[in-house]
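Working through the structure, step by step
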Amino acid sequence: MDRMSRMMLEHIYEAVVDSGINPECIRGIICIYRNKFLQFRSHLVLTNGFGITCCSRDMMAQNILFWLGVTKPSYVIDTGCSSSFYAVVHAYQAIRRAIMRLLLDQIFASTHTVLNQDGRCKIFDENANGYIHSEGISVAFLQKAKTAKRIYATIIHMKTNCDDYKEEGITFPSNKMQSTLFKESYDECNVSTTCIPYIEGHGTGTRVDDHEELNVIDHIFTNCKANLLKIGSIILNIGHTEGTSGIYSIDNTIILMELGLIPPNINFNRPPKNLKAHLEGQIEVVIQQTSLIIDCIDINSSGFGGANAHVLLKSNPKIKLNNRLPDDDLPKFVAILRRV
């Protein structure tokens, strides 16, 4: 089996087991998968004969169902950088339509990127000049809260939309449609934007995209807000995983909620000169590790073709006894696994 295919199935198994469910007991499941393997692995069809079954766009989704032995639909979603968010939205909507469990998988690997010249992601910075490409595998297992055995966070609301015609071109972000997405989302879930202390931004590291995103956030979230709005992006620290960036933002948000700490955004020096919210002291890009008790976090994502997505996550606070350390002196077993 192709190495990346094997890694994908391993992470799926880990995600299911981590949720407290036996993979053999999964029924009523939808698999949503998005990948770009064909961009650089089509030659495997000629070399070993497994290119179609292991590396093609459609078969990667079917391999998940085949391996788990489930019978529900599976399909590929590709909206550029917001692909994983769109997949999560489909998962969220399917669960709300009474599908009990849903598995979402996302893996991305590509050779086509918009790279900068100095090897540093400078998200939301005056000197933003592109991003660093990175690759990753991320798997999320979604369930209804009332039947879930383990809950890291709860999805309050998710919504998507797409940009309209733009004279600047299809890849130019639409301030109007991103603002509309935020407004409709908060109206539908009946949550005030003033309750949001931190936003996990998309942050591509390009001047146009970052400028438009910050202006939208300023317009929607800083009006009538007493406290400083903090903002950051996981892309600053790990690079841009493009298709999987949405799920990595969710991963980062869950860790942030669990620890109560916002990680610093490296390589940020100064904000854009014409950013009104910064000049008025309403938005702060976090550059130092910051303690913050957070109930809800907003996550934003957008594809380079205008496919926008938004999610509002609620934390699941847990009582930590003795900071999760043992309170006795009994010997403990430590499991160590080494793969050669």
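Numbering of residues begins from 1 in every chain and follows the order in which that chain's sequence is written. Residue-level local features of this predicted model are given only where pLDDT is at least 70; pairs of side-chain atoms are given and counted only at 80 or more, and the full residue set underlies all totals for whole chains, interfaces and linings. Side-chain calculation: all heavy atoms of the structure are included, whereas hydrogens and water are not.

Per an unreviewed UniProt entry, the protein goes by the name Ketosynthase family 3 (KS3) domain-containing protein and belongs to Vespula vulgaris. UniProt positions are given in the numbering used here, feature names are shortened, and annotations may be inferred rather than shown by experiment. The UniProt entry for the protein carries the following text under Sequence similarities (unreviewed entry): "Belongs to the thiolase-like superfamily. Beta-ketoacyl-ACP synthases family."

This part takes up the environment of Met-59. Elements are defined by DSSP. Helices are runs of H or I of four residues or more, strands are runs of E of two residues or more, and each kind is numbered from the N terminus. Residue position: Met-59 is located in helix 5 (residues 57-68). For Met-59 and Ser-74, which are 15 residues apart along the polypeptide, the C-alpha to C-alpha distance reads 9.9 Å.

Looking now at helix 6 (residues 83-96). Spanning 14 residues, helix 6 covers 20 Å between terminal C-alpha atoms, matching the ideal 20 Å at 1.5 Å per step. Each residue gets one of three labels from its accessible area relative to the maximum for its type: buried under 20%, exposed over 50%, partly exposed in between, using a 1.4 Å probe on protein chains only. With 11 of 14 residues buried, helix 6 is to be regarded as a mostly interior element. All of the buried residues along helix 6 are Ser-83, Ser-84, Phe-85, Tyr-86, Ala-87, Val-88, Val-89, Ala-91, Tyr-92, Ala-94 and Ile-95. Each helix should span, by expectation, one fewer than its residue count multiplied by 1.5 Å.

This paragraph deals with the pattern of salt bridges. Any Lys or Arg side-chain nitrogen found within 4 Å of a carboxyl oxygen on Asp or Glu counts as a salt bridge. A full pass over the atoms with the stated rule returns 8 salt bridges. The closest approach of N and O atoms between Glu-10 and Arg-6, which form a salt bridge, is 3.1 Å. Here Glu-10 and its partner Arg-6 are both found in helix 1 (residues 3-18), 4 residues apart, which amounts to about one turn of the helix. Between Lys-159 and Glu-188 there is a salt bridge; the shortest N-O distance is 3.0 Å. Taken together, the positions of Lys-159 in strand 5 (residues 153-162) and Glu-188 in helix 7 (residues 175-189) put the pair 29 residues apart, joining distant regions of the chain.

In this fold, Lys-149 is placed in the loop between strand 4 (136-143) and strand 5. The class for Lys-149 is exposed, based on a relative accessible area of 64%. Separated by 128 residues in sequence, Lys-149 and Ile-21 have C-alpha atoms that sit 7.9 Å apart. A contact between two residues is defined here by any heavy atoms of the two lying within 4.5 Å. Beyond its immediate chain neighbours, meaning those up to four positions away, Lys-149 contacts Ser-19, Gly-20 and Gln-143. A polar contact is formed between the side chain of Lys-149 and the backbone oxygen of Gly-20, at a distance of 3.3 Å. Polar contacts, as counted here, are pairs of nitrogen or oxygen atoms within 3.5 Å of one another; within protein the pair requires one atom able to donate a hydrogen and one able to accept it, and residues that are adjacent in sequence qualify only if both atoms are side-chain atoms.

Let's shift gears to the nonpolar core. Across soluble globular proteins, nonpolar side chains have a tendency to be buried as a group. The biggest cluster of nonpolar side chains holds 27 residues, and the ones touching the most others in it are Tyr-198, Ile-250, Ile-262, Ile-294, Ile-297 and Ile-299. When contributions to this core are tallied by element, the ones reaching two or more residues are helix 6, helix 10 (245-259), strand 11 (296-302) and strand 12 (307-315). When residues in this core are grouped by element, the largest group, 8 residues, is from helix 6. If we ignore the near neighbours within four places in the chain, the residues touching Ile-297 are Tyr-198, Glu-200, Thr-253, Leu-256, Met-257, Val-311, Leu-312 and Leu-313. Definition used in this section: a nonpolar core is a set of buried Ala, Val, Leu, Ile, Met, Phe, Trp, Tyr and Cys residues joined via side-chain atoms within 4.5 Å.

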